[in-house]
Amino acid sequence: MSYIEIDLWDLSLAAILVLANAGLSLALQLRLERQFLIATARMVVQLTLVGFVLTTLFRLSSPFWTALAALAMILFAGREIMARQERGLTGLWAYGLGTASMLLAAGLVTIFALSTQVRPDPWYDPRYALPILGMILGNTMTGISLGLHTLTTGAVNRKAAIEARIALGAERLNAFLPVAREALKSALMPIVNAMSATGLVALPGMMTGQILAGVEPVQAVKYQLLIMFLIAGGTGLGSVAAVLAGVYRLTDSRHRLRLDRLAPVDGKG
Amino acid sequence: MSPAGPGRVGMFSVQDLRRPGLGPLSFELPQGETLAVQGPSGAGKTLLLRALADLDPSDGQVSLDRRAREAMTGPAWRRQVCYVAAEPGWWGETVSEHFADWPALADLLARLRLPAAMGASPISQLSTGERQRLALLRALELTPRVLLLDEPTGPLDDEATEAVEDIIEERLAQGASAVWVTHDRVQAKRIASRALTLAPDGTAEVRP
């Protein structure tokens, strides 16, 4: 494989561009120079740390530490889902529902990929497991947070329509069907758009990375396709799980609509 | 054998019904009769109907024909004890989507002065009074045993009000009963044999 290594000197040269941006901010009084420098410093520190953590994880190649890293990634993504809700569920549900759906979806799809298509040895080899999980998580997270957001806002805005069906003896899933459909649509649209635009509007980051690392473009494309299929599966599974669980949480065993299980407008559970 | 609730056969029985802002209140309503519910705004008239339909959690024993509400699923209870909201909700685009058998309603539609061609109309184009009558029909389609009516004639003119009262009267004759919220004293006297007056603190006085 032909692969051009870059050293610190190369990086410093490129970093001049950020300094130039900061200079531009000073000259034009954008007042962004501080933020620019802080963001740059954060990025350098965070990515360097991730580099070291991954190096260590790869060297250990231990199922325990790999699982722990995967769990940490899922927990962080769960926090992100919660932060994106305008009116989330109350209590532990605010965090638990999205996180559990993601654990289920991303976990299953990653294990599916590792055990049948990619098949590293050992199967949990962190060099494959963690990047694949990461890519599936990022997109599943977007799908689940959009789905839950549409579900909860729909439940509030269309309370009268949902309760009209409940009052006429409908079961909770039936009463929620129009809102749940909308929630699933908004969860799945981004992946549909991503699949139709990919390759035309932008070259996907992973594929570009592989090409830069010396992989044949056709091989890189195959990998990218595999990842997109996995992402689509993870997003679908995760959104269905989250929206269904959301419908059950927003109703009770007597099939009543329970908007009191949503956090107040300005609060976060 | 299902757990027996209080009350007698043919009776809608409510004992110690409580929810925040309402009760405790008790009443019994035999089939064929109407209980008029009156009281100032905010006294909990709508809360009472919603609790009876089990749309909101409440404490106390509510039963129909000696069968406690807990002995049935929520949906089964609501098909028998059916709530018609003062501001009904609509889940579909057009009128007929909200009915199980729209053509079968031709007769009732005519009596309520609603055109049968209305089935294809979008809900958004209907007047408040038209929606109110359609919401009542939607509930009558289920032939519930108890009708919980929240100001069903509030936005209607005299002729339409009379038609609604006649239709409910027929259902009572067929064995249904009604809990009817109305702000109109004259209507309350006309339609109901019993009355329940809610005080601003949510307690109730029942007569006779």
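Residues numbered from 1 in each chain as written. Chains lettered and ligands numbered in written order. Predicted model: local features only at pLDDT ≥ 70, side-chain atom pairs only at ≥ 80, totals over all residues.

**Some words on the overall build of chain B**
A count of helices and strands for chain B gives six helices and 10 strands. Along the three orthogonal principal directions, the C-alpha set of chain B runs to about 45 × 40 × 30 Å. For chain B, the residues scored as buried account for 38% of the 208 residues in total. Contacts in chain B between residues at least 24 apart in sequence constitute 73% of all its contacts with a sequence separation of at least 6. (Helix = DSSP H or I, 4+ residues; strand = E, 2+ residues; numbered from the N terminus. Buried ≥ 20, exposed ≤ 12 C-beta atoms within 10 Å, placed from the backbone. Contact = placed C-beta atoms within 7 Å.)

**Some words on the interface of chain B and chain A**
Residue-level contacts link 20 residues of chain B with 15 residues of chain A. Secondary-structure elements contributing two or more residues to the side of chain B that touches chain A are helix 2 (74-80), strand 6 (81-84) and helix 4 (128-140) of chain B. The element that contributes the greatest number of residues to the side of chain B that touches chain A is helix 2 of chain B, accounting for four residues. Classifying every residue of the side of chain B that touches chain A by side-chain character gives 12 nonpolar, two polar and six charged. (Nonpolar A, V, L, I, M, F, W, Y, C, P; charged D, E, K, R; others polar.)

**Things to note about the nonpolar core**
Judged by nonpolar contacts, the single largest core of 103 residues is most densely connected at Val84(B), Leu147(B), Leu148(B) and Val179(B). The leading source of residues in this core is helix 5 (residues 126-157) of chain A, at 13 residues. When sequence neighbours within four positions are dropped, the list of residues in contact with Leu148(B) reads Leu49(B), Leu52(B), Ala53(B), Val81(B), Cys82(B), Tyr83(B), Val84(B) and Val179(B). (Core = buried A, V, L, I, M, F, W, Y, C linked by C-beta atoms within 7 Å.)

**Points about the pairing of strand 1 (residues 11-19) of chain B**
Residues and elements named next belong to chain B. In terms of strand pairing, strand 1 meets strand 2 (residues 22-30) through six bridges, oriented antiparallel. Looking at the pairing, valine 14 lines up with phenylalanine 27 of strand 2. Where strand 1 folds back on strand 2, the antiparallel hairpin that results is connected by two residues, among which glycine 21 adopts a positive phi of roughly 90°. The pairing of strand 1 with strand 4 (residues 59-64) spans five bridges and is classified as antiparallel. Considered in strand 4, the bridge of serine 13 is made with serine 63. (Pairing = 2+ DSSP bridges.)

**Notes on the environment of Asp201(B)**
Residues and elements named next belong to chain B. Position of aspartate 201 relative to the elements: it lies in the loop between strand 9 (194-198) and strand 10 (204-207). The exposure class assigned to aspartate 201 is exposed, which follows from the 10 C-beta atoms found within 10 Å. Distance in space between the C-alpha atoms of aspartate 201 and aspartate 184 is 21 Å, their sequence separation being 17 residues.

**Let's talk about the confidence of the model for chain B**
Of the residues in chain B, 96% reach a pLDDT of 70 or more, and the chain-wide mean stands at 92. Under the prediction, the complex receives an ipTM of 0.92, its pTM being 0.88. (pLDDT = per-residue confidence, 0-100.)

**Concerning the sheet that holds strand 10 of chain B**
Residue and element names in this part refer to chain B. Pairing within the open sheet is mixed, and its six strands lie in the order 6-7-8-3-9-10. Edge positions in the open sheet fall to strand 6 and strand 10, since each of these has one partner strand only. Strand-to-strand, the axes of this sheet are offset by a mean angle of 15°, without reference to chain direction. The pairing of strand 9 with strand 10 spans four bridges and is antiparallel. Across the sheet, the residue bridging to leucine 196 is valine 206, located in strand 10. Contacting strand 3 (34-38), strand 7 (146-150) and strand 8 (177-181), helix 5 (residues 158-173) runs over the sheet at an angle of about 145° to strand 8. (Axes fitted to C-alpha atoms, helices over the stretch in contact; angles between N-to-C directions.)

**A word on the packing of helix 4 (residues 93-117) of chain A against helix 5 of chain A**
Residues and elements named next belong to chain A. Helix 5 packs onto helix 4 with a crossing angle of 145° between their chain directions and a minimal axis gap of 9 Å. In this structure, helix 4 crosses over helix 5, and the sense of that crossing is right-handed. Contacts between helix 4 and helix 5 involve Gly98, Ser101, Met102, Ala105, Ala106, Val109, Thr110, Ala113 and Leu114 on the former and, on the latter, Tyr128, Ala129, Ile132, Leu133, Ile136, Leu137, Thr140, Met141, Ile144, Ser145 and Leu148. Of the residues belonging to the contact of helix 4 with helix 5, the class tally is 15 nonpolar, five polar and no charged. (Left-handed = near helix turned anticlockwise from the far one by under 90°.)

**What about helix 6 (residues 159-167) of chain A?**
Every α-helical turn comprises 3.6 residues, leaving residues that sit three or four positions apart pointing alike. Taken together, the buried positions of helix 6 of chain A are occupied by Ile162(A), Glu163(A), Ala164(A), Arg165(A), Ile166(A) and Ala167(A). In the core, the buried residues of helix 6 of chain A are packed alongside helix 5 and helix 7 (172-197) of chain A together with helix 2 and strand 6 of chain B. Two residues or fewer past helix 6 of chain A, Gly169(A) is found with a positive phi of approximately 90°.

**Some remarks on the sheet that holds strand 2 of chain B**
Residue and element names in this part refer to chain B. Read across the open sheet, the four strands follow the order 2-1-4-5; overall the sheet is antiparallel. The sheet is open, and its two borders are formed by strand 2 and strand 5 (67-68), each paired with just one other strand. Summarising the sheet, strand 4 and strand 5 pair through two bridges and their orientation is antiparallel. Considered in strand 5, the bridge of serine 63 is made with alanine 68.

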